[in-house]
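# Overview (structure and organization)
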Amino acid sequence: MQYKSTRNSKLRLDASQVIAQGISTEGGLFVPESLPNVKIDLPRLSNLDYQGLAKEIFKLFLTDFTEEQINHCVKNAYEPEKFGGEPVKLVSLKGDLGSRHILELWHGPTCAFKDMALQVLPHFLTVSLSKSAEKKEAVILVATSGDTGKAALEGFRDVSGTRVLVFYPQAGVSPMQKRQMATQEGGNVGVCAIEGNFDDAQAAVKKIFTDSSIKEVLDKHGFMFSSANSINWGRLLPQIVYYFYAYFQICKADKLTVGNPINVAVPTGNFGNILAAYYAREMGLPIKKLICASNANKVLTDFINTGIYDRRREFYATSSPSMDILISSNLERLLYGLLGENSEVLSNWMEQLSREGHYKVGDDVREKVRELFFGGFCNDSATAQTIRNTWREDNYLADTHTAVALDVYRQYVESSGDSSTPTVVVSTASPYKFVGSVLSALETLESGEEFENILQLESITNTTAPAQLKALQHKPIRFDAVIKASQAAGYVLEALGIGE
Ligand SMILES: *Cc1c(COP(=O)(O)O)cnc(C)c1O
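Because the structure is predicted, anything quoted here is derived from the model rather than measured.

### Examining the overall build of the protein
Counting its regular elements, the protein contains 23 helices and 16 strands. At 21 Å, the protein has a C-alpha radius of gyration in line with the 23 Å of a compact globule built from 500 residues. Within the protein, the proportion of its 500 residues that are buried is 59%. Considering only contacts in the protein between residues 6 or more positions apart, those separated by 24 or more positions represent 75%. When the accessible surface of the protein is summed, it comes to about 19,100 Å², and 48% of that surface belongs to carbon and sulfur atoms. Here the protein contributes 50 positively and 58 negatively charged side chains, and the mean placements of these two sets differ by 2 Å.

See the structure below:
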């Protein structure tokens, strides 16, 4: 299996090169040259446990990895001790809205779904780097809206041959997310807040990535940049696995024959998670509708409904901060596929997006998008109401991101009348990670103090907070720097010990 770039169809690279490089030199994203179809293999795959399924799917895409290397990656990433058993859990809700199955992807070390990919990416990366001639230390630069940063720090911490440096928007993450990052342990990590919002932090990181003079300095000292953001193929691939896994679990729970369709509803920001579901569908997994759920930053809802992508709008800081994004990078990969791999047309759209802030797709692409996807959005008050209703009616405690998906699924049922297709509602974070918002959604006074809030949520819902979140209370703060975006490059050089 070889990979090409969305902005250069002629390119051919191996998986290890693509994972080490992160993004293509001309700015495009790497995509597999074709997607393997496993439809006739579904009955066999349905009997595998999570690790077994991950190995089978990785094998199809990482053809320059040996079987041993793949086994090593999978085994180290998805150890039962790290996830408290199988890495994902499925909770079924009944009721008027048909058969809803909540796919909890947050049982890993940082209590958000990013762990599913970021526990394995460091292993993919070290194997990939070992295949290249240059023996450089990889510097992972991350801009985060909260969850990626912590998950990357945990995934890469003390992995030899790597450093990880994380930038987060000072005012754009939840108090718990901030504390998770500020207390991060490990000898190869660094964390820094940036004045501004997520897009400012992302722009600062992109600027460093593409600055040739910084690259030279790094080169001279034996370092190279790499990326753990969701544009890296090594982030997307692991996410394909859980859609297969969830499907097989539902077939068992609902007594469906393998081959019958399901829907998936995904709370979406950078379009990575839902793109993995689309890839699973292209590989033969019977998915009927891909339900794309946004918060008030509803640039994707508008795109799905109109074919116009327009980021020129107000940016809202919402109660689901990990989805507060106006540029959904991975959409580029979808459009490349739908365009029949026309990298010229795509490059023009992407250029127009960066220059003018908008683009419009042709009618054919727009039709395909609408056939595949349902797009909806949910603002903060509807999010809170959904948390409250789901708790009262289904006795299920959802976090703010999951609630957005639950509400948009409800909108889908109302508009399509399809309440008979079993649906996976993807749950991306523990409710305890956004404890203040969840408490106020339950109409309980939140104290403003995170750890008191945790105790209170435990006592009113009779649920248990993840131990790793509770433990943060007594960990010392290691990182409290706040800098301007323009100082980010200096911070990187200093952290690597190669500043002037
Ligand atoms: C990152 C994140 C999302 C959005 O996922 P994308 O792959 O960026 O669409 C949703 N919920 C949570 C909790 C997240 O951390």
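### Some details on the UniProt feature "domain: Threonine synthase N-terminal" (unreviewed entry) in the protein
In this structure's numbering, the residues bearing the UniProt feature "domain: Threonine synthase N-terminal" (unreviewed entry) are residues 2-78. Along residues 2-78 the backbone is 44% helical and 16% strand, and the end-to-end C-alpha distance reaches 26 Å.

### What about the sheet that holds strand 8 (residues 189-194)?
Read from one edge of the open sheet, five strands run 9-6-7-8-16, paired in parallel fashion. Across the chains shown, the open sheet's two edge strands, defined by having one partner strand only, are strand 9 (223-227) and strand 16 (482-483). Relative to strand 8, strand 7 (residues 162-169) is paired through six bridges, and the arrangement is parallel. By the bridge assignment for strand 8, Val166 is matched with Val191. Strands in contact with helix 8 (residues 147-156) are strand 6 (137-143), strand 7 and strand 8; relative to strand 7, the strand with the most contacts, it is inclined by about 165°. The strands touched by helix 10 (residues 198-209) are strand 6, strand 7, strand 8 and strand 9; relative to strand 6, the strand with the most contacts, the crossing angle is about 155°.

### Structural notes on the nonpolar core
Generally speaking, a soluble globular protein has its nonpolar side chains buried in company with each other. One finds Phe58, Ile240, Tyr243, Phe244, Leu335, Tyr359 and Phe373 to be the most contacted residues of the largest nonpolar core, which totals 108 residues. The greatest single-element share of this core, amounting to 14 residues, is contributed by helix 12 (residues 233-254). The next biggest cluster of nonpolar side chains, apart from the first, holds 24 residues, and it includes Val139, Leu165, Phe198 and Ala204.

### Some details on the sheet that holds strand 11 (residues 287-294)
Spatially, six strands are ordered 4-5-15-10-11-14 in an open sheet, and the strand pairing comes out mixed. Single-partner strands in this sheet number two, and they are strand 4 (89-93) and strand 14 (373-377). This sheet shows a mean twist of 25° between the axes of neighbouring strands, independent of strand direction. Pairing of strand 11 with strand 14 involves five bridges; the strand directions are parallel. Residue pairing in the sheet places Cys292 in a bridge with Gly375 of strand 14. Set on the sheet, helix 12 makes contact with strand 4, strand 5 (100-104), strand 10 (262-267) and strand 15 (423-427); between it and strand 5 the angle comes to about 140°. Helix 13 (residues 272-282) contacts strand 10, strand 11, strand 14 and strand 15 of the sheet and is inclined by roughly 170° relative to strand 11.

### Side note on the pattern of salt bridges
Using the criterion set out here, one finds 29 salt bridges in the structure. Among the salt bridges present, the one from Glu137 reaches Arg163, with a minimum N-O distance of 2.9 Å. Of this pair, Glu137 sits in strand 6 while Arg163 sits in strand 7, placing them 26 residues apart in sequence. By relative accessible area, Glu137 is classed as partly exposed at 25%. By relative accessible area, Arg163 is classed as partly exposed at 23%. Taking the shortest distance from any N to any O, the salt bridge between Arg281 and Glu282 comes out at 4.0 Å. Look at Arg281 and you get partly exposed, because its relative accessible area is 26%. Three or more residues are tied together by salt bridges with common partners; here these are Lys150, Glu154, Arg157, Glu185 and Lys475.

### Some thoughts on the site of the ligand
Among the 15 residues in the neighbourhood of the ligand, the closest are listed as Lys114, Asp147, Gly269, Asn270 and Thr428. Within the backbone of Gly269, a nitrogen or oxygen atom sits 2.7 Å from an oxygen atom of the ligand. Starting from 380 Å² of accessible surface for the ligand in isolation, the protein chains cover 97%. Residues belonging to the shell around the ligand are distributed by class as follows: five nonpolar, eight polar and two charged.

### What about the domain arrangement of the protein?
Looking at the protein, the domain boundaries give domain 1 (3-77 + 115-233 + 478-495) and domain 2 (85-112 + 240-474). Averaged C-alpha coordinates put domain 1 and domain 2 at centres separated by 22 Å. At the junction of the two partners, domain 1 supplies 52 residues and domain 2 supplies 50 residues. For the domain 1 and domain 2 pair, buried surface summed over both sides reaches about 4,500 Å², with 62% attributable to carbon and sulfur atoms. For the salt bridge of Asp147 with Lys433, the shortest nitrogen-to-oxygen distance reads 2.7 Å. Taken together, domain 1 and domain 2 are joined by 22 residue pairs in polar contact (both at pLDDT 80 or more). A total of seven residues in the side of domain 1 that touches domain 2 trace back to one element, the largest contributor, which is helix 3 (residues 50-61).

Rules used in this analysis
- Residues numbered from 1 in each chain as written.
- Predicted model: local features only at pLDDT ≥ 70, side-chain atom pairs only at ≥ 80, totals over all residues.
- Heavy atoms only, no water.
- Helix = DSSP H or I, 4+ residues; strand = E, 2+ residues; numbered from the N terminus.
- Rg over C-alpha atoms; globule rule 2.2 N^0.38 Å.
- Buried < 20%, exposed > 50% of the residue type's maximum accessible area, 1.4 Å probe, protein only.
- Contact = heavy atoms within 4.5 Å.
- Areas by Shrake-Rupley, 256 points an atom, 1.4 Å probe, with all protein chains shown as cover.
- Lys, Arg positive; Asp, Glu negative; His and termini not counted.
- Charge placed at Lys NZ, Arg CZ, Asp CG, Glu CD.
- UniProt positions renumbered as here; feature names shortened; annotations may be inferred.
- Pairing = 2+ DSSP bridges.
- Axes fitted to C-alpha atoms, helices over the stretch in contact; angles between N-to-C directions.
- Core = buried A, V, L, I, M, F, W, Y, C linked by side-chain atoms within 4.5 Å.
- Salt bridge = Lys/Arg side-chain N within 4 Å of Asp/Glu carboxyl O.
- Near = heavy atom within 4 Å.
- Polar contact = N/O pair within 3.5 Å; in protein donor to acceptor, adjacent residues only side chain to side chain.
- Nonpolar A, V, L, I, M, F, W, Y, C, P; charged D, E, K, R; others polar.
- Domains from an automatic or database assignment.
- Buried area = accessible area lost by both parts, 1.4 Å probe.

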